[in-house]
Amino acid sequence: MNRALPVVRLRVPTDEDAIAWHRAFDDPEVMEFHGGASAELSVYEELTARQRRHDAELGFCLWTMTDESGRVAGFTGAQPWPREWGPKGEIEIGWRLGRAYWGKGYATAAARLTLERLRAAGVPSVVALVRPGNERSVAVARRLGMELERTFPHPRLDEDVLCFRLDLKP
């Protein structure tokens, strides 16, 4: 049986969202597949500033996700793949939520909204890179209709990262 997804809203991140992201992600379990340790506030200040530039230049970014009460749940959205390894030249869809929002459909609801916005922006396809063992993110990718396309060797870890793909053309 499918349950109804929660109501989510996406907005371009503000300076204040850097603080909210820092609080939501200051949890070793949240960061397990993102380096393991909490990041400094300055990392989120730079990230939110970069996302504002992406939105202005590309029409999409990693948006701040809020719940039905307006509380920051995390982020979801898309950005050009930012690293020298992996799917260079691709648009990556991604999500990260505070632990209080896990298992309730927030990532799926926000990612579906992201896909609608990306289609409207003319993005032809997206990839999602997921570290092995991150079954929650694998499940979200599959719920979006993404298929495992290939793997990429991680440059610092002894593992191959899973690369899912979804064609967004009508």
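Residues numbered from 1 in each chain as written. Predicted model: local features only at pLDDT ≥ 70, side-chain atom pairs only at ≥ 80, totals over all residues. Heavy atoms only, no water.

What follows concerns the overall build of the chain. Helices and strands together make up the secondary structure of the chain, namely four helices and seven strands. Tracing the chain from N to C terminus, the helices and strands come up as β-α-α-β-β-β-α-β-α-β-β. Relative to the compact-globule value of 15 Å for 170 residues, the chain shows a C-alpha radius of gyration of 15 Å, a close match. Across its three principal axes, the chain shows a C-alpha extent of roughly 40 × 35 × 35 Å. (Helix = DSSP H or I, 4+ residues; strand = E, 2+ residues; numbered from the N terminus. Rg over C-alpha atoms; globule rule 2.2 N^0.38 Å.)

Counting residues in hydrophobic clusters, the biggest one holds 33 residues, and the most contacted among them are Met65, Ile93, Trp95, Val126, Leu144, Met146 and Phe164. Mapped onto this core, the elements with two or more residues apiece are β2 (62–66), β3 (72–80), β4 (91–97), α3 (106–120), β5 (125–130), α4 (135–143) and β7 (160–167). Looking at this core, the element that brings in the most residues is α3, giving seven residues. Core analysis: the next-biggest nonpolar cluster, separate from the first, contains ten residues, Ala18, Val30, Tyr44 and Leu47 among them. (Core = buried A, V, L, I, M, F, W, Y, C linked by side-chain atoms within 4.5 Å. Buried < 20%, exposed > 50% of the residue type's maximum accessible area, 1.4 Å probe, protein only.)

A few words on the packing of helix α1 (residues 15–25) against helix α2 (residues 41–58). Following both chains from N to C, one finds α1 and α2 inclined at 130°, their axes separated by 8 Å at the closest point. Here α1 lies oblique to α2, going by the angle between them. Relative to α2, α1 is oriented so that their crossing is right-handed. Residue-level inspection shows Asp15, Asp17, Ala18, Ile19, Trp21, His22 and Phe25 of α1 in contact with α2, the latter providing Leu41, Tyr44, Glu45, Leu47, Thr48 and Arg52. Class assignment of the residues belonging to the contact of α1 with α2 gives a composition of seven nonpolar, two polar and four charged. (Axes fitted to C-alpha atoms, helices over the stretch in contact; angles between N-to-C directions. Parallel < 35°, antiparallel > 145°, perpendicular 65-115°, else oblique. Left-handed = near helix turned anticlockwise from the far one by under 90°. Contact = heavy atoms within 4.5 Å. Nonpolar A, V, L, I, M, F, W, Y, C, P; charged D, E, K, R; others polar.)

This next bit is on the packing of aromatic side chains. Scanning the entire structure with this criterion turns up five aromatic pairs. Taking the centre distance of 4.8 Å and the plane angle of 50° together, the rings of Trp21 and Phe75 count as tilted. Note that Trp21 is positioned in helix α1 and Phe75 in strand β3, a separation of 54 residues in sequence. Taken individually, Trp21 and Phe75 each receive the classification buried, so the pair is uniform in this respect. Seen in terms of ring centroids, Tyr101 and Tyr106 are 4.9 Å apart; in terms of plane orientation they differ by 85°. Their pairing is edge-to-face. An aromatic cluster of at least three residues, connected via ring pairs, comprises Trp21, Phe25, Tyr44 and Phe75. Positioned above the aromatic ring of Trp81, the side-chain terminus of Arg83 is 5.1 Å from the ring centre. (Phe/Tyr/Trp six-rings, centres within 6.5 Å; stacked < 30°, edge-to-face > 60°. Lys NZ or Arg CZ within 6 Å of the ring centre and 35° of its normal.)

Each turn of an α-helix holds 3.6 residues, which means side chains three or four residues apart point in the same direction. Taking 1.5 Å of rise per residue, the 15 residues of α3 would be expected to cover 21 Å, and the 21 Å separating its terminal C-alpha atoms lies within 8% of that figure. For α3, every residue scored as buried is listed here: Tyr106, Ala107, Thr108, Ala109, Ala110, Ala111, Thr114, Leu115 and Leu118. Immediately beyond the C-terminal end of α3, within one or two residues, lies Gly122, with a positive phi of roughly 85°. (Expected span 1.5 Å × (residues − 1).)

All right, on to the pairing of strand β6 (residues 147–153) then. Alignment of β6 against β7, held across six bridges, turns out to be antiparallel. Residue pairing across strands places Thr151 opposite Leu162, the latter belonging to β7. Adjacent in sequence and paired antiparallel, β6 and β7 are bridged by six residues. (Pairing = 2+ DSSP bridges.)

With that settled, consider the environment of Asp17. Following the sequence through the fold, Asp17 ends up in helix α1. The sequence separation of Asp17 and Val72 amounts to 55 residues, and the corresponding C-alpha distance is 7.8 Å. In contact with Asp17, other than residues within four places in its own chain, are Arg11, Val12, Thr48, Thr64 and Val72.

Moving on, we come to the pairing of β5. A large share of β5 lies buried, amounting to six of its six residues. Side chains Ser125, Val127 and Leu129 of β5 all project onto a buried face; the interleaved residues Val126, Ala128 and Val130 project onto the opposite face, where all are buried too. Bridge analysis of β5 against β7 gives six bridges, and the strand direction is antiparallel. What sits directly across from Ala128, in β7, is Phe164.

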